[in-house]
Amino acid sequence: MSSAAAMQAKRQLREARRSRDLITPEGLSLPLTIAGWGARAGALVLDLIFLFLGALAVILALAAIGFGALEAMFEGTPSPAVELVVVLIILAFWLARYGYFLWFELGPRGATPGKRLIGIRVAARDGGRLTAEAVIARNLLRDIELFLPVVFLISLIDSDGPNDGVMGWAATVWLLVFMLFPLFNKDRLRAGDLVAGTWVVEAPRMKLASALSVVSSGARDYRFGEAELAVYGEHELQVLEGVLRQNNPDAMREVMQAICRKIGWDAGAGHEREFLEAFYAALRAHLERGMRFGKRKADKFSA
Amino acid sequence: MALNLFTRKQAAPPPAIEAATLRSDRFRLERQTDWQRLDAIVTALEKNRLRRIADDDLLDLPVLYRKAASSLAVARETSLDAATLAYLEALVRRAWFQVYGPRTGFLRWLRGFFGGGWSAAVRDLWLDICIALAVMVAGTLVGWLLVAGDSEWYYRLVPDGMAGGRHPGASPEMLAQSLEGTKGAEGLAIFAASLFSNNSGVCILAFALGFAFGIPTLLLLVHNMAMLGAMLWLFHQGGLSFGFAAWLSVHGTTELFAILLSGAAGLHIGRSMAFPGKLSILSAASASGRRAAVVMAGCVLMLVVAGLLEGYARQLVETSEARLTIGIGMLALWLAYFLLMPRRPANAGEHAA
């Protein structure tokens with residue numbers, strides 16, 4: 001049991017290390033959680049996939065229109081229409097490289113589609129507003145962090161020069177230095193964040209869950225005594241809340257049996273949800289009463 | 001979506017407050033209509049659908065935000081409903097980003113940018129611009145002197161793809177031919193677009209490398225200018241220095257100016273990180289990074305102009321005098337804009353820092 005408690009403490013410590021407080025003008029401290037490296041990398045991969053699919057769609061559309069026209073351009077004098085298409089392609093690839101991240105991060109959500117899906121956004125590190133300059137700066141640096149070494153590595157695949165091995169390793173090291181940069185500072189800043197004064201924080205959108213003490217599904221009347229409610233703390237209450245919201249019969253039976261063992265009741269069967277709802281409401285009422293008197297109980301181990 | 005939420009809520013009202021057995025749940029049921037209204041407004045704001053938000057909602061937004069914030073403060077001390085607390089925290093955080101993050105729209109930002117923000121940022125970087133200019137001049141001289149001493153250097157400085165037949169020992173006629181324009185405008189748009197794409201890559205590289213204390217930026221400037229110096233020497237040998245200078249100046253004054261500015265922007269970041277002064281390194285880096293980013297946004301625009309000049313004007317204008325006039329005219333235009341455009345009043349913009 002103590003190892004479980006230690007693991008939980010460790011997890012809380014890890015999360016606490018990433019949490020920052022933002023003081024709003026109302027004097028309310030609003031917790032922010034710095035997005036982890038994995039979330040950042042996941043969002044980047046998603047964005048690159050979107051960019052790749054976009055490029056693929058453009059190329060396929062062009063192939064459908066007729067690539068022959070495009071090839072003719074490289075041989076003879078291009079017709080104005082083909083010329084326009086080529087100009088558009090060059091500009092589109094330029095925009096994909098520099099404009100995609102810029103455009104989306106300048107929007108009100110401060111996040112690219114990949115970041116939105118993961119549930120993170122860019123914010124100004126000083127708590128102020130996220131300015132256009134900051135977004136421009138952080139995205140220009142992306143060029144040397146990511147695109148330059150990757151394009152260089154891809155170009156090495158084609159060539160067969162004498163120094164390819166050394167150059168390839170140099171480019172890989174270059175890429176790794178910048179990719180792993182966020183792991184070596186506490187705010188998980190990449191080079192672009194550092195120069196722009198930004199950071200990336202978790203920004204999940206949540207739905208308001210239903211109030212649990214309203215729905216009472218049964219007619220049975222459970223009464224719990226002071227001593228029976230005193231065995232658990234806030235952590236167990238939250239676990240119980242999670243179990244009730246998930247509404248999985250097996251999990252509910254297990255939890256009910258565990259609680260009954262702990263408080264010395266005889267666990268029956270067939271009325272798990274009813275019992276747990278009643279116990280949840282009673283335990284929460286008990287703990288919240290304590291809160292109002294300034295007494296909190298973190299978990300079953302605390303006094 | 002915003003409207004959906006409203007209609008759905010009217011269709012299914014929240015459970016009666018009296019039904020809740022817990023005090024904290026009653027607290028929540030009393031206020032959740034306001035929270036959900038705020039949620040709907042913030043969602044609409046996030047989706048940039050300003051027109052779909054009713055005027056009343058927009059007026060109430062600050063009030064609703066404060067109500068939700070105070071609900072959160074109270075709930076933290078009285079409620080143990082983890083789901084509600086998490087919802088409120090996420091809601092207040094999202095609302096905070098919308099209420100206290102009033103963005104200037106793109107057009108307003110652009111007006112501020114051209115109306116003084118850009119030129120002021122350029123003037124702020126005067127010292128870095130002077131250093132970068134000195135380095136560029138030195139790079140040109142080095143290129144010239146190296147090639148003058150040993151013409152083998154030419155092949156090292158100028159890559160084959162760029163030389164295009166302009167080698168040491170090439171006859172003056174060949175060199176002169178490379179300076180001639182083309183007769184028609186076909187294909188020039190592609191040429192201009194690819195030039196722009198390529199040059200802006202170089203500029204952004206010069207800027208971004210400033211992150212490593214500015215040294216790679218300086219090396220990049222020296223390398224690029226040494227190439228120019230080598231070509232200058234070559235055309236000088238052919239007795240074509242005036243023609244080459246004119247040919248170059250059409251777009252060169254704009255392009256080299258943009259490279260100068262982006263080099264200076266990179267140097268500015270590197271310098272402020274190496275010598276942060278009274279600030280911490282992080283805040284010095286972010287302050288200079290934002291200032292330099294304004295300059296960089298301008299550099300990209302300058303390169304669009306340079307690409308058009310290089311693609312069209314240089315190929316279509318034939319005489320050296322006309323080319324030189326265009327080049328010097330552009331230079332005068334940029335200098336006048338950067339030096340004479342007044343700084344905007346401090347309260348009007350965010351990047352006058």
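Criteria and thresholds
Residues numbered from 1 in each chain as written. Chains lettered and ligands numbered in written order. Predicted model: local features only at pLDDT ≥ 70, side-chain atom pairs only at ≥ 80, totals over all residues. Helix = DSSP H or I, 4+ residues; strand = E, 2+ residues; numbered from the N terminus. Buried ≥ 20, exposed ≤ 12 C-beta atoms within 10 Å, placed from the backbone. Expected span 1.5 Å × (residues − 1). Contact = placed C-beta atoms within 7 Å. UniProt positions renumbered as here; feature names shortened; annotations may be inferred. Nonpolar A, V, L, I, M, F, W, Y, C, P; charged D, E, K, R; others polar. pLDDT = per-residue confidence, 0-100. Pairing = 2+ DSSP bridges. Axes fitted to C-alpha atoms, helices over the stretch in contact; angles between N-to-C directions. Left-handed = near helix turned anticlockwise from the far one by under 90°. Core = buried A, V, L, I, M, F, W, Y, C linked by C-beta atoms within 7 Å.

Brief notes about the overall build of chain A
Secondary structure assignment for chain A yields 11 helices and 4 strands. Burial statistics for chain A: of 303 residues in total, 27% are counted as buried.

Looking at helix α11 (residues 272–292) of chain A
Between its terminal C-alpha atoms α11(A) stretches 30 Å, which fits the 30 Å expected from 21 residues at 1.5 Å a residue. Those residues of α11(A) that fall on the buried side of the exposure criterion are Glu272(A), Phe275(A), Leu276(A), Glu277(A), Ala278(A), Phe279(A), Ala281(A), Leu283(A), Arg284(A), Leu287(A) and Glu288(A). Those residues of α11(A) that are buried lie in contact with α8 (226–229), α9 (234–246) and α10 (249–263) of chain A together with α2 (23–46) and α3 (55–78) of chain B. At the exit of α11(A) stands Gly294(A), carrying a positive phi of roughly 80°.

Overview of the UniProt feature "transmembrane region" (unreviewed entry) in chain A
The residues that UniProt annotates with the feature "transmembrane region" (unreviewed entry) are residues 21–39, 45–70, 82–103 and 166–184 of chain A. Helix makes up 100% of residues 82–103 of chain A and strand makes up 0%, while its end C-alpha atoms are separated by 28 Å.

Thoughts on the interface of chain B and chain A
A common way to express how large an interface is: the accessible area buried when the components associate. Listed by partner, the interface residues are 66 residues for chain B and 56 residues for chain A. Of all the secondary structure elements, the ones that give two or more residues to the side of chain B that touches chain A are α2, α3, α4 (82–99), α10 (188–208) and α13 (281–316) of chain B. Here the side of chain B that touches chain A takes 11 residues from α4(B), the largest share from any one element. Within the side of chain B that touches chain A, the residues separate by chemical class into 38 nonpolar, 15 polar and 13 charged.

Overview of the UniProt feature "transmembrane region" (unreviewed entry) in chain B
Residues and elements named next belong to chain B. Per the UniProt record, the feature "transmembrane region" (unreviewed entry) sits at residues 125–147, 204–223, 230–250, 256–274, 294–312 and 324–340. Secondary structure over residues 125–147 splits into 96% helix and 0% strand, and the C-alpha atoms at its two ends are 33 Å apart. Helix makes up 100% of residues 324–340 and strand 0%, whereas the separation of the span's terminal C-alpha atoms amounts to 24 Å.

Focus on helix α12 (residues 241–274) of chain B
Between its first and last C-alpha atoms α12(B) spans 40 Å; for 34 residues at 1.5 Å apiece the expected length is 50 Å, and the helix comes up short by more than 12%. Within α12(B), 28 of the 34 residues are buried, which leaves the element mostly enclosed by the surrounding structure.

Concerning the environment of Ser320(B)
Residues and elements named next belong to chain B. Following the sequence through the fold, Ser320 ends up in helix α14 (residues 320–340). C-beta crowding within 10 Å serves as the criterion here: with 17 such atoms nearby, Ser320 is assigned to the partly exposed category. For the pair Ser320 and Leu248, spaced 72 residues apart in sequence, the C-alpha separation works out to 10.0 Å. Beyond its immediate chain neighbours, meaning those up to four positions away, Ser320 contacts Phe242, Gly243 and Ala246.

Some words on the confidence of the model for chain A
Taken residue by residue, chain A gives an average pLDDT of 81. The fraction at 70 or more is 88%. Averaged pLDDT values over the elements of chain A bottom out at 70 in helix α1 (residues 2–18) of chain A and peak at 92 in helix α4 (residues 113–118) of chain A.

Brief notes about the pairing of strand β4 (residues 198–202) of chain A
Residues and elements named next belong to chain A. Of all 5 residues making up β4, 4 are buried, and the element is well covered by its neighbours. For strand β3 (residues 120–124) and β4, the ladder comprises 5 bridges, and the chain directions are antiparallel. By the bridge assignment, Val122 is partnered in β4 with Val200.

Thoughts on the packing of α9(A) against α11(A)
Residue and element names in this part refer to chain A. Following both chains from N to C, one finds α9 and α11 inclined at 150°, their axes separated by 10 Å at the closest point. Read as a crossing pair, α9 and α11 show a hand that is left-handed. Residue-level inspection shows Glu234, Leu237, Leu240, Glu241, Val243 and Leu244 of α9 in contact with α11, the latter providing Leu276, Glu277, Tyr280, Leu283, Arg284 and Leu287. The class makeup of the residues in the contact of α9 with α11 is 8 nonpolar, no polar and 4 charged.

Some words on the nonpolar core
Core analysis: the biggest nonpolar cluster contains 102 residues, and Ala230(B), Leu261(B), Val295(B) and Met296(B) have the highest contact counts within it. When residues of this core are assigned to their parent elements, the largest contribution, 15 residues, is made by α12(B).

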